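Below are the chains, spelled out letter by letter.
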Amino acid sequence: MKYQLYKSFFALLRRLPWGVLTALSKGIAALLRGPIAYRRAVVYDNLKRSFPEKSTAELERIAHDFYDHLVFQFLSSPKLLAQPTEVIKREHMLVEGMEIFAMLKAEGKPLSLVLMGHCGNWELFSAGQIYFDEIGIQQEQLYRPLKDEALDRVQLEMRSALGSMTTPKDQVGRRLIQLMRQSPDSGHTIAFIADQTPGQDGRVGLWADFLNQPTAFLDGAERLAAKYQLPVVYMDVVRHNNRCYTGRMKLLSANPHLLPRHELTKLYIHELEQTIRRDPACWLWSHRRWKLKPPEAQSTPSQIN
């Protein structure tokens, strides 16, 4: 029953004209900023700590744009991913740097990892398969299954509509082994959204200075890349407007197993911060990204400004 309700809701969103979706999202965003106050304290605290050099007015503008962008992303993704491929390529998503994957494949490295962040419309990245099809590579995305199984099923159907594959995060190691046993001509890339907060189990990969504060990062992608000698690419996301993006692929390392420990993750952190600073409103500020504190600060919290 819930599954059919979600399917009907997504189908309704796909049929709404762009003007209606835009007006609806702005109205909901105004409610989230105002009366509902959805994670408003988290958003403003994150922004103040990340951009201490910005005025209150500047931070207000970023927060305003963030809520508009967040709601529009949620409401518009079903419609965006249902567009004909030629419309997506012409009006909604351009991908630059695909020659990197063709080059790696020609060099005998058909399996690679792509690192990205919660920037822009990350759901739209599922449409990247239409670009990978042109060079004979299968795109796959890691995801964290939702507790709501019906909603999880509908979202997976949406993400795979254009041919992209999905794998639960806790199965990525097994999946990589399966892929390495395939024919060397079978190109494949797996995308990680790698800016998530480590869990409370203490499995922090490293602490790094990120957006003016010590930040815990996972290093699972780096460890897998080094173990299986997989090239790693970063996707920089450029927003032209809330329904038009460019993904710029940049090779972080073709041989991550030769890098010092955590060097690859530090390269990713640097690139991600540049993406965020260029267009702050496009990042997921409502996430409690800094709920973990570095070990040395837990007993002396006054050291963290």
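Residues numbered from 1 in each chain as written. Predicted model: local features only at pLDDT ≥ 70, side-chain atom pairs only at ≥ 80, totals over all residues. Heavy atoms only, no water.

Colleague: When you look at the environment of P260 in this model, what are you seeing that I'm missing?
Modeller: Along the chain, P260 turns up in the loop between β9 (244-253) and α11 (263-278). Under the relative-accessibility criterion, P260 is labelled exposed at 54%. (Helix = DSSP H or I, 4+ residues; strand = E, 2+ residues; numbered from the N terminus. Buried < 20%, exposed > 50% of the residue type's maximum accessible area, 1.4 Å probe, protein only.)

Colleague: Help me out: how do you make sense of unusual backbone geometry in this one?
Modeller: Note: most peptide bonds trans; most residues except glycine with negative phi. Even without being glycine, R39 reaches a positive phi, approximately 50°. Under the relative-accessibility criterion, R39 is labelled partly exposed at 40%. Although it is not a glycine, H262 adopts a positive phi angle of roughly 75°. The class of H262 is buried, set by a relative accessible area of 13%.

Colleague: What is the right way to read the nonpolar core from this model?
Modeller: In a soluble, globular protein the nonpolar side chains are often hidden away together inside. Formed by 85 residues in total, the largest nonpolar core has its most connected members in L176, F192, F210, M249, Y268, I276 and W285. In terms of residue count, the dominant contributor to this core is helix α4 (residues 56-80) (10 residues). (Core = buried A, V, L, I, M, F, W, Y, C linked by side-chain atoms within 4.5 Å.)

Colleague: Is there a simple way to explain the pattern of salt bridges in this structure?
Modeller: It is possible for side chains of opposite charge to pair when their charged atoms get near one another. With the rule as written, the count across this model stands at 17 salt bridges. The partner of K89 in a salt bridge is E134, with the nearest N and O atoms 2.3 Å apart. Note that K89 is positioned in helix α5 (residues 85-92) and E134 in the loop between α7 (129-132) and β3 (137-143), a separation of 45 residues in sequence. For E134, a relative accessible area of 52% corresponds to the exposed category. With its nearest N and O atoms 2.9 Å apart, the salt bridge here joins R278 to D236. One end of the pair, R278, is in helix α11; the other, D236, is in strand β8 (residues 232-241), and 42 residues separate them in sequence. Note on R278: relative accessible area 41%, which makes it partly exposed. (Salt bridge = Lys/Arg side-chain N within 4 Å of Asp/Glu carboxyl O.)

Colleague: Sorry if this is basic, but what is going on with empty space enclosed by the protein here?
Modeller: One way to see where empty space is left: roll a probe the size of a water molecule over the atoms. Tallying each qualifying case throughout the model produces 5 cavities of 30 Å³ or more. Approximately 80 Å³ is the volume attributed to the largest cavity. Every residue lining the largest cavity is listed: M93, M116, C119, N121, W122, L124, F125, M235, V237, Y245, T246 and G247. Counting only elements with at least two residues in the lining of the largest cavity, the list comes to β8 and β9. At 3 residues, the largest contribution of residues to the lining of the largest cavity is made by β9. When the residues that make up the lining of the largest cavity are grouped by side-chain class, the tally is 9 nonpolar, 3 polar and no charged. There is about 60 Å³ of room inside the second largest cavity. (1 Å grid on protein atoms, 1.4 Å probe; cavity = no way out; pocket = protein on both sides within 12 Å on 5 of 7 lines; lining within 4 Å. Points joined across faces, edges and corners; volume = space filled by probe spheres on them. Nonpolar A, V, L, I, M, F, W, Y, C, P; charged D, E, K, R; others polar.)

Colleague: Could you clarify how one ought to interpret a nonpolar patch on the surface in this entry?
Modeller: A contiguous nonpolar surface patch, about 280 Å² in accessible area, is contributed by F9, L12 and F74. Mapping F9 onto the fold places it in helix α1 (residues 2-15). Under the relative-accessibility criterion, F9 is labelled partly exposed at 35%. (Patch = residues over 30% accessible without salt bridge, like charges linked within 9 Å, V, L, I, M, F, W, Y side chains within 5 Å. Areas by Shrake-Rupley, 256 points an atom, 1.4 Å probe, with all protein chains shown as cover.)

Colleague: Just to check I follow, could you spell out α11 for this structure?
Modeller: Because each turn of an α-helix spans 3.6 residues, side chains separated by three or four positions in sequence point in the same direction. The end-to-end C-alpha separation of α11 is 23 Å, in line with the 22 Å expected for 16 residues at 1.5 Å each. Every buried residue of α11 is listed here: L264, T265, Y268, I269, E271, L272, E273, T275 and I276. Buried-residue contacts for α11 involve β2 (111-116), β6 (206-210), β7 (213-217), α10 (220-228), β8 and β9. (Expected span 1.5 Å × (residues − 1). Contact = heavy atoms within 4.5 Å.)

Colleague: Help me understand the confidence of the model for the protein, please; the structure alone is not making it clear to me.
Modeller: Where the model shows low pLDDT, its predicted coordinates should not be examined in detail. Per-residue confidence for the protein gives a mean pLDDT of 93, with 95% of residues at or over 70. Across residues 299-305, where pLDDT falls below 50, the model places 6 contacts with residues more than four positions away in sequence or in other chains. (pLDDT = per-residue confidence, 0-100.)

Colleague: Whenever I open this one, the sheet that holds β8 confuses me. Can you help?
Modeller: Picture the strands of a sheet paired through backbone hydrogen bonds; they go either parallel or antiparallel. If you walk across this open sheet you meet the 7 strands as β1-β9-β8-β2-β5-β3-β4, and the pairing is mixed. On the outer flanks of this sheet lie β1 (93-96) and β4 (165-168), each paired with one strand and no other. This sheet shows a mean twist of 30° between the axes of neighbouring strands, independent of strand direction. Note that β1 and β9 share 4 bridges and pair parallel. In the sheet register, L94 faces β9, and the bridge partner there is T246. (Pairing = 2+ DSSP bridges. Axes fitted to C-alpha atoms, helices over the stretch in contact; angles between N-to-C directions.)

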